[in-house]
Amino acid sequence: MNFRKIVKLGSVFIGAALLTVGLSACSSKSSSTTENLGLNQKGTLTIGLEGTYAPYSYRKDGKLTGFEVELGKALAKQMGLKAKFVPTKWDGLVAGLGSNKYDVVLNNITKTPERAKSYLFSKPYIYSRYVLITNKDKSNLNSLNDIKGQKFAEGTGTNNEQVAKKFGATIVPSGDFTTSIALIKQGRVAGTINAREAWLAYKKSNSTTGLKVKDVSSEQKAAQVVALFNKKSTKLQQKTNQALAKLRQNGTLTKLSKKYFNGDITK
């Protein structure tokens, strides 16, 4: 074999080797975005939620939908993953992270010091501002400092209940927001402290006649709603935060908020 052929063949082998290395590097780079995230199922972001709390996650015509359902799909897409939802009752939802039932929980969960002891949080995707809702005839109830000794309808164990107790209200247990509003209209309670987004969702399809609403975010700091992760899921937490930042930047978060709440609750 002459020298020119040897050089030519050598160039072919080197080129092939470089191409293989390049493809391998590209493949490695591509897979690095989804590999080593500690996922329960490769290529899939498994999401825990209740699926019974409109407009966050609920069923419409038998199909799971809602703000956090669409958010989950958008996050998974940004990370190159497929979203899989696991509807779970509230009493076992958070505990499901510890048993690896899913990778993350998206269920209108607020960031608290107590939860920080056992779980990791994403950056906030909702800033839940408090509103004071009363009967319009209650002219003496205009701030949180006015509710001491008044009967307030609140969900047991919720942030709303904690705030009402903090300002001295007498708690009347309520199963959901609609029930709380009904109790106010019936005159059985003086009012309720609740999330601005719950009010925005309610008034989209319900009459608000006879009700008075006051934004009290200046008196009580907004609660930060976050995605919840197992303590070991630090890489998934990082990737999720990166995806959230992109969805915030490209307007997806605002778009979904306006679709389901008729207002921007993401800022």
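Small disclaimer: the values here were computed from a predicted structure and weren't measured.

## A few points about the pattern of salt bridges
Right, on to step 1. By the definition in use, this model includes four salt bridges.
Right, on to step 2. Across the pair Glu 114 and Lys 117 runs a salt bridge whose closest N-O atoms are separated by 3.3 Å.
Right, on to step 3. Between Asp 264 and Lys 267 there is a salt bridge, with the nearest N and O atoms lying 3.7 Å from each other.
Right, on to step 4. Accessibility expressed as a relative area gives 22% for Asp 264, which makes it partly exposed.

## A few points about empty space enclosed by the protein
Right, on to step 1. Per the counting criterion, the structure on display carries one cavity of 30 Å³ or more.
Right, on to step 2. One number sums up the size of the largest cavity: a volume of about 60 Å³.
Right, on to step 3. Every residue along the wall of the largest cavity is listed here: Gly 38, Asn 40, Leu 97, Asn 100, Tyr 102, Asp 103, Asn 230, Lys 232, Ser 233 and Leu 236.

## Let's talk about the packing of aromatic side chains
Right, on to step 1. Applying the stated criterion across every chain, the model contains six aromatic pairs.
Right, on to step 2. Each ring, one from Phe 177 and one from Tyr 202, has its centre 5.4 Å from the other, and the planes form 70°; the classification is edge-to-face. With Phe 177 in helix 7 (residues 177–185) and Tyr 202 in helix 8 (residues 196–205), this residue pair connects regions lying 25 residues apart in the sequence.
Right, on to step 3. Residue Phe 177 is classed as buried on the basis of its relative accessible area of 12%.
Right, on to step 4. Joined through ring pairs, the aromatic side chains of Tyr 53, Tyr 56, Phe 67, Tyr 125 and Phe 261 make up one cluster.

## As for unusual backbone geometry
Right, on to step 1. Note the cis peptide between Ala 54 and Pro 55, where omega equals 0°.
Right, on to step 2. Phi is positive for Asn 108, close to 50°, though the residue is something other than glycine.
Right, on to step 3. Along the chain, Asn 108 falls in strand 5 (residues 104–110).
Right, on to step 4. Its identity is not glycine, yet Asn 262 carries a phi of approximately 60°, on the positive side.
Right, on to step 5. Mapped onto the fold, Asn 262 is located in the segment after helix 10 (252–261).

## Here we look at the packing of helix 8 against helix 10
Right, on to step 1. Their axes nearest at 8 Å, the elements helix 8 and helix 10 cross at an angle of 50°. What the angle tells us is that helix 8 and helix 10 run oblique. When helix 8 is examined against helix 10, the residues Glu 197, Leu 200, Ala 201 and Lys 204 are found in contact with a partner set consisting of Lys 259, Tyr 260 and Phe 261.
Right, on to step 2. Grouping the constituent residues of the contact of helix 8 with helix 10 by class yields four nonpolar, no polar and three charged.

## Here's the deal with the packing of helix 2 (residues 67–78) against helix 9 (residues 234–249)
Right, on to step 1. Close contact between helix 2 and helix 9 brings their axes to 9 Å; oriented N to C, the two are set at 110°. What the angle tells us is that helix 2 and helix 9 run roughly perpendicular. For the pair formed by helix 2 and helix 9, the contact residues are Leu 71, Ala 74, Leu 75 and Gln 78 on the first element and Thr 240, Ala 243, Leu 244, Lys 246 and Leu 247 on the second.
Right, on to step 2. Residues of the contact of helix 2 with helix 9, tallied by class, amount to six nonpolar, two polar and one charged.

Conventions and cut-offs
- Residues numbered from 1 in each chain as written.
- Predicted model: local features only at pLDDT ≥ 70, side-chain atom pairs only at ≥ 80, totals over all residues.
- Heavy atoms only, no water.
- Salt bridge = Lys/Arg side-chain N within 4 Å of Asp/Glu carboxyl O.
- Buried < 20%, exposed > 50% of the residue type's maximum accessible area, 1.4 Å probe, protein only.
- 1 Å grid on protein atoms, 1.4 Å probe; cavity = no way out; pocket = protein on both sides within 12 Å on 5 of 7 lines; lining within 4 Å.
- Points joined across faces, edges and corners; volume = space filled by probe spheres on them.
- Phe/Tyr/Trp six-rings, centres within 6.5 Å; stacked < 30°, edge-to-face > 60°.
- Helix = DSSP H or I, 4+ residues; strand = E, 2+ residues; numbered from the N terminus.
- Axes fitted to C-alpha atoms, helices over the stretch in contact; angles between N-to-C directions.
- Parallel < 35°, antiparallel > 145°, perpendicular 65-115°, else oblique.
- Contact = heavy atoms within 4.5 Å.
- Nonpolar A, V, L, I, M, F, W, Y, C, P; charged D, E, K, R; others polar.

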